Amino acid sequence: QVTLKESGPGMLQPSKTLSLTCSFSGFSLSTSGMVVSWIRQPSGKSLEWLAAIDWDGDKYYNPSLKSRLTVSKDTSNTQVFLKITSVDIADTATYYCARRRSRPPGFDYWGQGVMVTVSS
Amino acid sequence: DVVLTQTPPTLLATIGQSVSISCRSSQSLLHSNGNTYLNWLLQRTGQSPQPLIYLVSKLESGVPNRFSGSGSGTDFTLKISGVEAEDLGVYYCMQFTHYPWTFGGGTKLELK
């Protein structure tokens, strides 16, 4: 059974660095073609893709945020991390991680999301 | 960036009614490998998005066959043939043919 679960600080102050963890089970990120992505959603708004990391360790970023994002994974291929530097109020959102499989290609599993509030 | 425009933003339906949602892309979603990476997702209130359709028209496992997807290039449609109460929520189209991957603005399906 595939599951993903996000964790994070809940609340942090502007200008700080946000660190998020996606812990997953039921699959390995070392499987060829597998990708884990980060996506966020401000309350009442649509979804925004942030970053992804694939089975080979290649990383992909949304250019609009690239200078502030770092995605990585652990050596056991069961966790993916996202760091966002210099957060501000506009980064307040629910953050999701999602699995993208390659054959057939699709985003088939999403985490429950973690709400992050940036406030002084 | 690829802009996905969904219409209508809100859809009022009765149970059993058939409805369609449009997703138009600012550029072709046909990849050089021949695939069109256009997905449809449903987000029920208070829940994370769940996948419905991948590659324009293929149903994810467990998705009822009252859902269907069609289209090509820049114009895509999600159809629900006979809305059920569990179908209410916000529908999103999403593309991952081009970076950055992008989502439509959403279509909220409500009961009339």
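Since the model is a prediction, treat every value here as computed from it, not as a measurement. Residue numbers restart at each chain and count upward from 1, following the sequence in its written direction. In the order they appear in the text, chains get letters beginning with A and ligands get numbers beginning with 1. Whole-chain, interface and lining totals are the exception, using all residues; otherwise, since this is a predicted model, local features are given only for residues with pLDDT of at least 70 and side-chain atom pairs are given and counted only at 80 or more. Computation of side-chain values: all heavy atoms of the structure, hydrogens and water removed.

Caption draft 1: Up close: the overall build of chain B. Going along the chain from the N terminus, every DSSP run of H or I of four or more residues is numbered as a helix, and every run of E of two or more is numbered as a strand. When helices and strands are counted, chain B shows zero helices and eleven strands. Across chain B, helices and strands are ordered from the amino to the carboxyl terminus as β-β-β-β-β-β-β-β-β-β-β. Every radius of gyration here is taken over C-alpha atoms, with the globule rule written as 2.2 Å times N^0.38, N being the number of residues. Taken over the C-alpha trace, chain B has a radius of gyration of 13 Å; the compact-globule value for 112 residues is 13 Å, and the two agree within 12%. Considered along the principal axes of its C-alpha atoms, chain B spans approximately 40 × 25 × 25 Å. Contacts are assigned to residue pairs with any non-hydrogen atoms lying within 4.5 Å of each other. Taking as baseline every contact in chain B between residues at least 6 positions apart, the subset at least 24 positions apart corresponds to 53%. In the form shown here, chain B has an accessible surface area of approximately 5000 Å², with 47% of it arising from carbon and sulfur atoms. A residue counts as positive if it is Lys or Arg and as negative if it is Asp or Glu; His and the chain ends are not included. In plain terms, the charge of a residue is placed at NZ if it is Lys, CZ if Arg, CG if Asp and CD if Glu. When the 7 positive and 7 negative side-chain charges of chain B are each reduced to one mean point, those points stand 5 Å apart. Here the Shrake-Rupley method, with its probe set to 1.4 Å, supplies the accessible areas, and only the displayed protein chains count as covering residues.

Caption draft 2: Inspection of the sheet that holds strand β7 (residues 69–73) of chain A at higher detail. Residues and elements named next belong to chain A. Pairing between strands requires that DSSP locate at least two bridges from one strand to the other. Read from one edge of the open sheet, four strands run β1-β3-β8-β7, paired in antiparallel fashion. The open sheet has two edge strands with one neighbour each: β1 (3–7) and β7. In this sheet, adjacent strand axes meet at a mean angle of 15° when their direction is disregarded. Looking at chain direction, β1 and strand β3 (residues 18–25) are connected through five bridges and run antiparallel. Residue pairing across strands places E6 opposite C22, the latter belonging to β3. Working convention: axes come from line fits to C-alpha atoms, limited for helices to the stretch in contact. Angles between N-to-C directions cover 0 to 180 degrees.

Caption draft 3: Structural view of the packing of aromatic side chains. Each Phe, Tyr or Trp ring (for Trp, its six-membered ring) is paired with any other whose centre lies within 6.5 Å, and the angle between the two planes then decides the class: stacked below 30 degrees, edge-to-face above 60, tilted in between. All told, the structure shown has twelve aromatic pairs over all chains when counted by the stated rule. Aromatic side chains A:F24 and A:F27 sit 4.5 Å apart centroid to centroid with 15° between the ring planes, which places their arrangement in the stacked category. Assigned by exposure class, A:F24 and A:F27 land together as buried. A ring pair is formed by A:W49 and B:W101, whose centres lie 4.8 Å apart and whose planes are at 40°; its orientation type is tilted. Taken together, the positions of A:W49 in strand β5 (residues 48–54) and B:W101 in the loop between β9 (89–95) and β10 (102–103) put the pair across two chains. Categorising residues by exposure relies on relative accessible area from a 1.4 Å probe, with only protein chains included: less than 20% of the type maximum marks a residue as buried, more than 50% marks it as exposed, and the intermediate range marks it as partly exposed.

Caption draft 4: Structural context of the interface of chain B and chain A. Chain B puts 20 residues into the contact, and the matching count from chain A is 24 residues. We define buried area as the total accessible area lost by two parts upon association, computed with a 1.4 Å probe and summed across both. Summed over both partners, the interface of chain B with chain A buries about 1700 Å², with 67% contributed by carbon and sulfur atoms. Here, a salt bridge means any side-chain nitrogen of Lys or Arg that lies within 4 Å of a carboxyl oxygen of Asp or Glu. Here chain B and chain A share one salt bridge between them. Between A:R101 and B:E60 there is a salt bridge, and its shortest N-O distance comes to 3.0 Å. We define a polar contact as two N or O atoms separated by no more than 3.5 Å, with the added condition that, inside protein, one atom must be a possible hydrogen donor and the other a possible acceptor, whereas residues neighbouring each other in sequence contribute only through side-chain atom pairs. At the junction of chain B and chain A, the tally comes to six residue pairs in polar contact (both at pLDDT 80 or more).

Caption draft 5: Spotlight on the sheet that holds strand β1 (residues 4–7) of chain B. Residues and elements named next belong to chain B. Spatially, the four strands line up as an open sheet ordered β1-β3-β8-β7, and their pairing is antiparallel. Whereas interior strands pair on both sides, the edge strands pair on one side only; in this sheet they are β1 and β7 (67–72). Here the average twist between neighbouring strands, direction ignored, is 20°. Relative to strand β8 (residues 75–81), strand β3 (residues 18–25) runs antiparallel, the two being bridged by seven bridges. Residue pairing for β8: I21 is matched across the bridge by L78.

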